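# Structural characterization, general
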2 protein chains.
Amino acid sequence: MSQPDRPATTAREWHLLQRPAALPSAEHFQIVERQLAELNDGQVQVDNLFLSVDPYMRGRMRENAVYAEAYELNQAMTGGAVGRVVESRHPDFSPGDTVLSLNGWRDRFIASAQELQKLPASAAQMPSLFLGTLGMPGLTAYFGLLNIAQPKAGETVFVSAASGAVGANVCQIAKLKGCRVVGSVGSDDKAQWLLDECGVDAVINYKTCGDLTQALLTAAPEGVDVYFENVGGDHLQAALNAMNPHGRIAACGMISGYNDAVGQGVNNLMLIVGKKIRMQGFIISDHFDQQEAFLNEMVPWVQSGAIKSRETVFDGIDSALDAFLSLFNGDHFGKAVVKIG
Amino acid sequence: MSQPDRPATTAREWHLLQRPAALPSAEHFQIVERQLAELNDGQVQVDNLFLSVDPYMRGRMRENAVYAEAYELNQAMTGGAVGRVVESRHPDFSPGDTVLSLNGWRDRFIASAQELQKLPASAAQMPSLFLGTLGMPGLTAYFGLLNIAQPKAGETVFVSAASGAVGANVCQIAKLKGCRVVGSVGSDDKAQWLLDECGVDAVINYKTCGDLTQALLTAAPEGVDVYFENVGGDHLQAALNAMNPHGRIAACGMISGYNDAVGQGVNNLMLIVGKKIRMQGFIISDHFDQQEAFLNEMVPWVQSGAIKSRETVFDGIDSALDAFLSLFNGDHFGKAVVKIG
């Protein structure tokens, strides 16, 4: 059987050069070009279609990493990516297959078959969705809300970073489960989208609302039963102030502090005692065994339009750093992805 | 049947006059003397033997009370008390019975039978123990440690305010359950008692140890699995720093902030996410149904000497405020009680 012509083998990868102490910038990174080797038996070459940028990656740039092991200096960073198989020496993969991997931050790569997850044929029509609503952020929203926070129908759920890749799914899943949902976002556009498209009951623009506790009490007059925590600092403080007895906090992230040496302070933690609140941190990589249950419920919701997604697509491997930085300056809307090639 | 002579009927009660904004002082309170009425059918007169003073009472002096409803101004405050029945017009109570009630902060009172819990005859020999190790603080320790924090044998438990009425019981119960125990206290005397008498593995004097996180990492070289939170602020910060993945925090109180308008700040809460920590507040009055299970296990421990108790006894109703204030300046050792009459 004749081999096809070898595909392009020049790969471009983002390396971490030094660990940022504050907001990352170009000097902390470098794009490195290298030639991929010939495939060995069992290996597959993938050309990436979309790369994911996610807030957790900031934690991995620290020496004492959060969420997963620290990125090594002078190595390609990793992250979610959807790509297309272009050459295969493994029987389970054929050119044209769409695959999910953790080999992001690069345009192409060679991997062993066990590093790849084959996606259904339909994924070719919406590959980036597997980095967002049907991928890690969607699973984070689903598991964190339903298994960690455990809202009951009729309860009020408050979601920070509510139009983000995780937050928008939390909002919509909570609505589908019969909850009243209040979101916090940083622009009126994002607020309007949540209200008009996602059916969220009330949205706060935290940049213009004045006192966040007062705004939350107004938006949630019956108090907050569940807080899905993506932001920390002022948002956590306000959520505690507005929370009902026996409230639950799913602590998914605290992005407001990711670029500071120390996090944002919170000084009303005594309310955790007084209101008998349960605050539970989680990291979704501990719970990938929930993926099947998640997709069984989520895919029909997406197909029926019950759950909507927004993306900000950055174009080309060179834009990956801008895409990542957009997570911290609010310049993205929904899930930020990088389109390759 | 002839009535006995009426016992003394002049009662002295501590009233709250104004709500303290910071550390309470004499001006916020007043001792009021009043005459008790004749007993009606179903009523009992009790002369208190011991009054309890507990940190939670500070929360009840606030307008927006914590732990239980706010104390009303110009009314006798309430709190745990052990007393002796001196007159009864209820068939279940006879003069000489030892009873537990919430009618503390006064030397005698008239109550209906359902406000009183009759204690076993043996309680007459150790009445104050039912305000401490065998009472609300002991139940708080038992339930908070075993049901909220759920330590496993071999795990390391960190306890703040470790020689206090709750903390000393947490330390000793954790030892009986096979844990390694590290306590934090504010004096070398207290540290020595925990080490010598209570079998605690390591004790930190937080006033002299320098950096609390470093001291805790040294005292708990394998990290902290469970933190029993009585203090807040620096102690919570250090516990989070030293905690292992999947650590649990039983949030019982945060006394370091009780006299401040806002609590002590904590700025490393992102560790709740990164370490997947569960922090759970609780208030023991929700769990009084656990009392039987508690006493079944605790009474034999106390009788066998497996659990030891320390008390600081303040003498006379006039000393009740000093007893209460000793909770905040560290001038007590173990359970602070007020002996009446």
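The name that an unreviewed UniProt entry assigns to chain A is NADP-dependent oxidoreductase, with the source organism given as Gammaproteobacteria bacterium LSUCC0057.

## What to know about the overall build of chain A
Counting its secondary structure elements, chain A contains nine helices and 15 strands. Against the compact-globule benchmark of 20 Å for 341 residues, chain A has a radius of gyration of 21 Å, which places it among compact chains. If one aligns the C-alpha atoms of chain A with their principal axes, the spans along those axes are about 70 × 45 × 35 Å. For chain A, the residues scored as buried account for 57% of the 341 residues in total. Restricting the contact set of chain A to residue pairs at least 6 apart, pairs at least 24 apart contribute 67%. Counting every atom, chain A has about 13900 Å² of accessible surface; 48% of that belongs to carbon and sulfur. Across chain A, the mean location of the 26 positive side-chain charges is 4 Å away from that of the 37 negative side-chain charges.

## Brief notes about the sheet that holds strand β10 (residues 202-205) of chain A
Judged by pairing direction, the sheet is mixed, and its twelve strands sit side by side in the order β10(A)-β9(A)-β8(A)-β11(A)-β12(A)-β13(A)-β13(B)-β12(B)-β11(B)-β8(B)-β9(B)-β10(B) without closing on themselves. Only two strands of the sheet have a single partner each, and these edge strands are β10 of chain A together with β10 (202-205) of chain B. Between one strand axis and the next, the sheet turns through 15° on average, direction left out of account. Alignment of strand β11 (residues 224-229) of chain B against strand β12 (residues 243-251) of chain B, held across five bridges, turns out to be parallel. Opposite B:Val224, over in β12(B), you have B:Met243 as the bridge partner. In this fold helix α3 (residues 167-176) of chain B packs onto β8 (156-159), β9 (180-185) and β11 of chain B, with an angle of close to 170° to the strand it touches most, β8(B). Along the sheet, helix α4 (residues 188-196) of chain B contacts β9 and β10 of chain B; its crossing angle with β10(B), the most-contacted strand, is approximately 175°.

## Remarks on the packing of helix α2 (residues 136-149) of chain B against helix α8 (residues 291-304) of chain B
All names here are of chain B. The geometry of α2 relative to α8 is characterised by a closest axis approach of 10 Å and an angle of 100° between their N-to-C directions. With respect to their mutual orientation, α2 and α8 come out roughly perpendicular. Mapping the contact onto sequence places Gly138, Leu139 and Tyr142 in α2 and Gln291, Ala293, Phe294, Glu297 and Trp301 in α8. Broken down by class, the residue content of the contact of α2 with α8 amounts to five nonpolar, two polar and one charged.

## Concerning the environment of B:Asp92
All names here are of chain B. Among the structural elements, aspartate 92 can be located in the loop between β4 (81-88) and β5 (98-101). For aspartate 92, a relative accessible area of 46% puts it in the partly exposed group. Remark: the alpha-carbon pair of aspartate 92 and glycine 178, spanning 86 residues in sequence, is separated by 42 Å. Ignoring sequence-local partners within four residues, the contact set of aspartate 92 consists of Asp97 and Lys118.

## Considerations on the domain arrangement of chain A
Residue and element names in this part refer to chain A. Per the domain assignment, the segments of chain A are domain 1 (10-131 + 310-339) and domain 2 (136-285). For domain 1 and domain 2, the distance between their C-alpha centroids amounts to 28 Å. Facing the 20 residues of domain 1 at the interface are 18 residues of domain 2. Counting each side, the surface lost to burial between domain 1 and domain 2 is near 1500 Å², with a carbon and sulfur contribution of 57%. Broken down residue by residue, the surface that domain 1 buries against domain 2 is led by Arg62, Tyr67 and Phe333, which jointly contribute 38%. Put simply, domain 1 and domain 2 have zero salt bridges between them.

## Quick look at the interface of chain A and chain B
On the chain B side, the residues contacting the 29 residues of chain A number 29 residues. Around 2200 Å² of area is buried between chain A and chain B when both sides are counted, 68% of it from carbon and sulfur atoms. Contact with chain B buries surface across chain A, with A:Asn267, A:Met270 and A:Val273 losing the most and accounting together for 24% of the total. Summed over the shared surface of chain A and chain B, the number is two salt bridges. We note a salt bridge from A:Lys276 to B:Asp286, for which the minimum N-O separation is 2.9 Å.

## Some details on the environment of A:Gln150
By the element assignment, A:Gln150 lies in the loop between α2 (136-149) and β8 (156-159). What A:Gln150 contacts, discounting residues up to four positions off in sequence, is A:Leu145, A:Glu155, A:Arg248 and A:Arg278.

## Regarding the relation of the copies chain A and chain B
Under the fitted operation, chain A is carried onto chain B by 0.0 Å of movement along the axis and a turn of 180°, and the coordinates agree to an RMSD of 0.0 Å. Each copy turns onto its partner about a two-fold axis. Taken as a fraction of all interface residues of chain A, those also at the interface in chain B reach 100%, which identifies the copy contact as same-surface.

## Focus: the side chain of B:Arg278
Inspection of the secondary structure puts B:Arg278 in strand β13 (residues 278-281). B:Glu155 provides the closest opposite charge to the buried, salt-bridge-free B:Arg278, at an N-O distance of 9.1 Å. In this structure the side chain of B:Arg278 is engaged in a polar contact, spanning 2.9 Å, whose partner is the backbone oxygen of B:Ile148. Sequence-distant contacts of B:Arg278, that is, excluding residues within four places in its chain, are made with A:Arg278, A:Met279, A:Gln280, B:Ile148, B:Ala149, B:Gln150, B:Gly247, B:Arg248 and B:Ile249.

## Some remarks on the UniProt feature "domain: Enoyl reductase (ER)" (unreviewed entry) in chain A
Mapped onto this numbering, the UniProt entry gives "domain: Enoyl reductase (ER)" (unreviewed entry) at residues 25-338 of chain A. Along residues 25-338 of chain A the backbone is 27% helical and 25% strand, and the end-to-end C-alpha distance reaches 17 Å.

## A short note on the state of the cysteines
The full count for this structure, using the stated rule, is zero disulfides over all chains. Sulfur of A:Cys171: no disulfide; nearest cysteine sulfur belongs to A:Cys198 and is 7.1 Å away. B:Cys171 supplies the cysteine sulfur nearest to B:Cys179, a cysteine that is in no disulfide, at a spacing of 11 Å.

## As for the pairing of strand β5 (residues 98-101) of chain A
All names here are of chain A. On β5, burial covers both faces: Thr98 and Leu100 on one face and Val99 and Ser101 on the other are all buried. Note: β5 against strand β7 (residues 117-118), two bridges, orientation antiparallel. Bridging across to β7, leucine 100 finds its partner in glutamine 117.

## Some thoughts on the packing of aromatic side chains
All names here are of chain A. This structure, assessed with the given rule, holds 20 aromatic pairs over all chains. Taken together, a centroid distance of 6.4 Å and an interplanar angle of 75° make the contact between tryptophan 14 and phenylalanine 29 edge-to-face. Here the residue tryptophan 14 occupies a position in strand β1 (residues 10-16), and phenylalanine 29 occupies one in strand β2 (residues 29-35), the gap between them amounting to 15 residues. By relative accessible area, which is 6% here, tryptophan 14 ends up buried. Judged by relative accessible area, which is 6%, phenylalanine 29 ranks as buried. Their ring planes at 55° and their centres at 6.2 Å tell us that phenylalanine 143 and phenylalanine 282 sit as a pair that is tilted.

## Here's the deal with unusual backbone geometry
A positive phi angle, near 80°, is found at A:Tyr67, a position not held by glycine. Structurally, A:Tyr67 is set in the loop between α1 (56-60) and β4 (81-88). Classification of A:Tyr67 as buried rests on a relative accessible area of 17%. Residues other than glycine seldom take positive phi values, yet B:Lys276 does so here, at roughly 55°.

Here is what the cut-offs are and how they apply
- Residues numbered from 1 in each chain as written.
- Chains lettered and ligands numbered in written order.
- Predicted model: local features only at pLDDT ≥ 70, side-chain atom pairs only at ≥ 80, totals over all residues.
- Heavy atoms only, no water.
- Helix = DSSP H or I, 4+ residues; strand = E, 2+ residues; numbered from the N terminus.
- Rg over C-alpha atoms; globule rule 2.2 N^0.38 Å.
- Buried < 20%, exposed > 50% of the residue type's maximum accessible area, 1.4 Å probe, protein only.
- Contact = heavy atoms within 4.5 Å.
- Areas by Shrake-Rupley, 256 points an atom, 1.4 Å probe, with all protein chains shown as cover.
- Lys, Arg positive; Asp, Glu negative; His and termini not counted.
- Charge placed at Lys NZ, Arg CZ, Asp CG, Glu CD.
- Pairing = 2+ DSSP bridges.
- Axes fitted to C-alpha atoms, helices over the stretch in contact; angles between N-to-C directions.
- Parallel < 35°, antiparallel > 145°, perpendicular 65-115°, else oblique.
- Nonpolar A, V, L, I, M, F, W, Y, C, P; charged D, E, K, R; others polar.
- Domains from an automatic or database assignment.
- Buried area = accessible area lost by both parts, 1.4 Å probe.
- Salt bridge = Lys/Arg side-chain N within 4 Å of Asp/Glu carboxyl O.
- Least-squares fit on C-alpha atoms with pLDDT ≥ 70 in both.
- Polar contact = N/O pair within 3.5 Å; in protein donor to acceptor, adjacent residues only side chain to side chain.
- UniProt positions renumbered as here; feature names shortened; annotations may be inferred.
- Disulfide = S-S within 2.5 Å.
- Phe/Tyr/Trp six-rings, centres within 6.5 Å; stacked < 30°, edge-to-face > 60°.

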